[in-house]
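# Summary of the model geometry
Chain by chain, the residues run as shown.
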Amino acid sequence: METASDSTRHTHKVDQLFGAIAARYDLVNDIQSLGLHRVWKRRVVVLANFNEGETGLDLCCGTGDIAIGLAKRGGALVGMDLNRPMLLQAAARLAKRGDQCVRLAQADALNLPLGNHSLDLVTIGYGLRNLGSMEDGLREITRVLKPGGRLLILDFGKPANRLLRSAYYLYLAWILPVFGWLCCGNASAYAYILDSLKKYPAQKGVAAKLDLLGYKSVQIIDIMGGTMSIHVAIK
Ligand SMILES: C[S@@+](CC[C@H](N)C(=O)[O-])C[C@H]1O[C@@H](n2cnc3c(N)ncnc32)[C@H](O)[C@@H]1O
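Summary of the structure given here. Once a new chain begins, its residue numbering starts again from 1 and follows that chain's sequence as written. Selection of residues for local features in this predicted model requires a pLDDT of at least 70, selection of side-chain atom pairs for listing and counting requires 80 or more, and totals for whole chains, interfaces and linings are taken over all residues. As a rule here, side-chain values come from all non-hydrogen atoms in the structure, and water together with hydrogens is ignored.

Moving on, we get to the site of the ligand. We define proximity as follows: a residue is near a molecule or strand when any one of its heavy atoms falls within 4 Å of that partner. In the vicinity of the ligand there are 18 residues, among which Cys 60, Asp 81, Asp 108, Ala 109 and Gly 125 approach most closely. Two N or O atoms form a polar contact when they lie within 3.5 Å of each other; inside protein one atom must be a possible hydrogen donor and the other a possible acceptor, and for residues adjacent in sequence the pair counts only when both atoms belong to side chains. Here an oxygen atom of the ligand sits 2.9 Å away from a polar atom, N or O, in the side chain of Lys 41. A distance of 2.6 Å separates an oxygen atom of the ligand from a polar side-chain atom of Asp 81. Using only the protein atoms, space was sampled on a 1 Å grid; points where a 1.4 Å probe fits but cannot get out form cavities, open sets with protein on both sides within 12 Å along at least five of seven lines form pockets, and lining residues are those with an atom within 4 Å of a point. The way we define it, a molecule is inside a pocket or cavity when more than half of its atoms are within 2 Å of that pocket's grid points. Judged by its atoms lying within 2 Å of the grid points, the ligand is housed in the largest cavity.

If you want it as structure tokens, here you go:
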């Protein structure tokens with residue numbers, strides 16, 4: 001069983017990991033997914049159906065891809081992340097675009113500085129798998145969402161097809177760390193993806209946790225044979 005100090009240690013480790021790769025994070029994403037991560041994140045933005053007059057949070061916003069996409073839709077959007085170097089990358093991107101429609105804040109997903117039932121939308125892209133306690137993270141998200149609010153989770157998935165799953169795990173174990181080493185001089189940060197995925201309950205496990213938290217509807221959208229997935233949940 002995970003204790004509170006395990007969770008704190010994990011959060012600290014993840015913070016250091018992203019601090020070390022922040023400057024090249026976008027580049028590696030583009031290379032390792034052949035640019036497809038942009039398509040998947042755009043899909044999240046479309047599914048989120050974020051409208052003017054609504055309030056939204058892009059949690060674990062990193063360098064801001066999803067936050068920027070959502071903010072173009074008109075609602076009031078805040079991007080939150082634990083890691084300062086990742087937030088600085090997001091801030092630099094926003095400044096370059098002359099974009100003032102995303103507010104950025106440094107915060108821990110396990111202790112959100114937001115009121116109960118205050119948001120219409122929460123998105124979290126490749127973040128849930130990284131939290132020290134996924135259960136606590138989901139509880140915090142549920143706390144800040146209004147009844148009827150939407151939660152969209154984009155993350156690595158576990159393909160149901162065994163052959164595809166084996167090939168995919170080989171890619172994550174051997175090819176991805178090479179990109180990490182070539183682009184950031186850091187293979188271990190990218191080897192961590194497979195470690196974290198093995199512990200992550202992915203499509204069915206996350207859906208079960210959302211059901212337990214009382215979400216009215218939970219939909220799983222598999223992408224590329226389930227190598228990635230999007231959960232769309234209504235509180
Ligand atoms: C893989 S990146 C994803 C960034 C962005 N959402 C994207 O899809 O490109 C994961 C992000 O989660 C953030 N993160 C990890 N643990 C966190 C926590 N406990 N609270 C807030 N952010 C956290 C990291 O700092 C990192 O920026």
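A large share of strand β1 (residues 55–59) lies buried, amounting to four of its five residues. Any two strands are treated as partners once DSSP identifies two or more bridges connecting them. Only DSSP runs of H or I covering at least 4 residues are called helices, and only runs of E covering at least 2 are called strands; the numbering of each starts at the N terminus. The sheet contact formed by β1 and strand β2 (residues 76–81) spans five bridges and is parallel. Residue pairing across strands places Leu 57 opposite Val 78, the latter belonging to β2. In the classification by handedness, the crossover that spans β1, the intervening helix α4 (residues 65–71) and the parallel β2 is right-handed. In this sheet, strand β4 (residues 119–125) lies alongside β1 in parallel orientation, the contact comprising four bridges. Buried means the residue's accessible area, taken with a 1.4 Å probe over protein chains only, is under 20% of the maximum for its type, while exposed means over 50%, and partly exposed covers the values in between. For crossovers, right-handed means that the path from the first strand over the helix to the second runs clockwise, given strands pointing away from the viewer.

Let us now look at the nonpolar core. For our purposes a nonpolar core is just a set of buried Ala, Val, Leu, Ile, Met, Phe, Trp, Tyr and Cys residues, chained together by side-chain atoms within 4.5 Å. Core analysis: the biggest nonpolar cluster contains 68 residues, and Leu 57, Leu 59, Val 122, Leu 128, Leu 151 and Ile 153 have the highest contact counts within it. Any pair of residues with heavy atoms lying within 4.5 Å of one another is described as a contacting pair. Not counting residues up to four positions away in its chain, the partners in contact with Ile 153 are Ile 124, Leu 128, Leu 138, Tyr 200, Val 206, Leu 210, Ser 229, Ile 230 and His 231.

What follows deals with the packing of aromatic side chains. Pairs of aromatic rings are described using the distance from one ring centre to the other and the angle between the two planes. Stacked, tilted and edge-to-face are the three classes assigned to paired rings of Phe, Tyr and Trp, where Trp is represented by its six-membered ring and a pair needs centres within 6.5 Å; plane angles under 30 degrees give stacked, over 60 edge-to-face, the rest tilted. Summed over the entire model, instances satisfying the criterion amount to three aromatic pairs. Between Tyr 126 and Phe 156, the aromatic rings sit 5.3 Å apart at their centres with planes inclined by 65°, giving edge-to-face as the arrangement. You can see Tyr 126 sitting in the loop between β4 and α6 (134–144) and its partner Phe 156 sitting in strand β5 (residues 145–156), a full 30 residues away along the chain. This pair shows no difference in class: Tyr 126 is buried, exactly as Phe 156 is. Note on Tyr 168 and Tyr 169: the rings are 6.1 Å apart at their centroids and 40° apart in plane angle, and the pair reads as tilted.

Take unusual backbone geometry next. Here Asn 49, not a glycine, exhibits a phi torsion of approximately 50°, which is positive. You can see Asn 49 is positioned in the loop between α3 (36–48) and β1. According to the relative accessible area criterion, Asn 49 is partly exposed, its value standing at 45%. If you check the backbone angles, Cys 60 has positive phi at about 55° while not being a glycine. By secondary structure assignment, the location of Cys 60 is in the loop between β1 and α4.

Once that is clear, we can look at the pairing of β2. Of all six residues in β2, five are buried; the element is thus mostly enclosed. What joins β2 to strand β3 (residues 102–106) is helix α5 (residues 84–97), and the crossover it makes is right-handed.

This brings us to the environment of Gln 106. Its place among the elements puts Gln 106 in strand β3. Taking relative accessible area as the criterion, Gln 106 reaches 47% and is therefore assigned partly exposed. Taking the C-alpha atoms as reference points, Gln 106 and Cys 60, 46 residues apart in sequence, are found 9.5 Å from one another. If sequence neighbours within four positions are ignored, Gln 106 has contacts with Asp 81, Leu 82, Asn 83, Arg 84 and Leu 87. Among the polar contacts listed, one links the side chain of Gln 106 to the backbone oxygen of Leu 82, at a separation of 2.9 Å.

Grid points are joined across faces, edges and corners, and a volume is the space filled by probe spheres set on the points. With the rule as written, the count across this model stands at one cavity of 30 Å³ or more. By volume, the largest cavity is sized at about 600 Å³. Lining of the largest cavity is provided by 43 residues; of these, Phe 18, Tyr 25, Tyr 126, Gly 127 and Asn 130 occupy positions nearest its centre. Every element with two or more residues in the lining of the largest cavity is listed here: α1 (4–21), α2 (25–32), α3, β1, α4 and α8 (187–199). Throughout, the ten residues Ala, Val, Leu, Ile, Met, Phe, Trp, Tyr, Cys and Pro are labelled nonpolar, Asp, Glu, Lys and Arg are labelled charged, and all others, Gly among them, are labelled polar. Class assignment of the residues belonging to the lining of the largest cavity gives a composition of 23 nonpolar, 13 polar and seven charged.

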